[in-house]
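# Overview (structure and organization)
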Amino acid sequence: MRRALGTDRTMSLLSLTSTTSLFDMPPGTMCRVDGVSLDAEHAARMAGLGVSVGQKVRLVRASDPTVVQVYGARIGIAPSIARRIQVTPDSLPPAGIA
């Protein structure tokens, strides 16, 4: 079940320091990709778009499609794929963004 993090600004960065799925981050969060649990074809496609281990991405919107910003470009990906991309947050969005 998807957590409604965007409406709960009481969540702190400390409570998000463990790895979680990209889809479960609050919109606006800058994250580091820690793992991609996809088949080889999808993993290669994500890497080609810049979503690979070690890369920083920003979640713009977690819906269908899930929108992330990487290398200054926004890309849309299926929620089923976003749920299989493991990230650790670097920073939460400013209040009013999520």
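Below is a short write-up of the structure. Because the structure is a prediction, the values reported are computed rather than measured. (Residues numbered from 1 in each chain as written. Predicted model: local features only at pLDDT ≥ 70, side-chain atom pairs only at ≥ 80, totals over all residues. Heavy atoms only, no water.)

### What about the overall build of the protein chain?
Condition: The helix and strand labels rest on DSSP assignments: H or I over at least four residues marks a helix, E over at least two residues marks a strand, and numbering proceeds from the N terminus. The criterion used for residue contact is that any of the two residues' heavy atoms lie within 4.5 Å. Accessible surface is estimated by sampling points in the Shrake-Rupley manner with a 1.4 Å probe; for residues, cover comes only from the protein chains shown.
Counting its secondary structure elements, the protein chain contains two helices and six strands. Listing each helix as α and each strand as β along the protein chain from the N terminus yields β-β-α-β-β-β-α-β. Within the protein chain, contacts between residues separated by at least 24 positions form 61% of all contacts whose residues are at least 6 apart in sequence. Counting every atom, the protein chain has about 5300 Å² of accessible surface; 54% of that belongs to carbon and sulfur.

### Some remarks on the sheet that holds strand E6 (residues 85–91)
Inclusion rule: Strand pairing is assigned whenever DSSP detects at least two bridges linking the two strands.
Pairing is antiparallel across the open sheet formed by six strands, whose spatial order is E1-E6-E2-E3-E4-E5. Taken across any chain shown, the strands that pair with only one partner, and hence form the sheet edges, are strand E1 (20–21) and strand E5 (73–77). In this sheet, E5 lies alongside strand E4 (residues 66–70) in antiparallel orientation, the contact comprising five bridges. If you follow Gln69 over to E5, its bridge partner there is Arg74.

### Some points on the pairing of strand E3 (residues 56–61)
The side chains of a regular strand alternate between both faces of the sheet. Alignment of strand E2 (residues 30–36) against E3, held across three bridges, turns out to be antiparallel. Its bridge partner lying in E3, Met30 is registered against Arg58. Pairing geometry for E3 and E4, over three bridges, is antiparallel. Directly across from Arg61, in E4, lies its bridge partner Val67.

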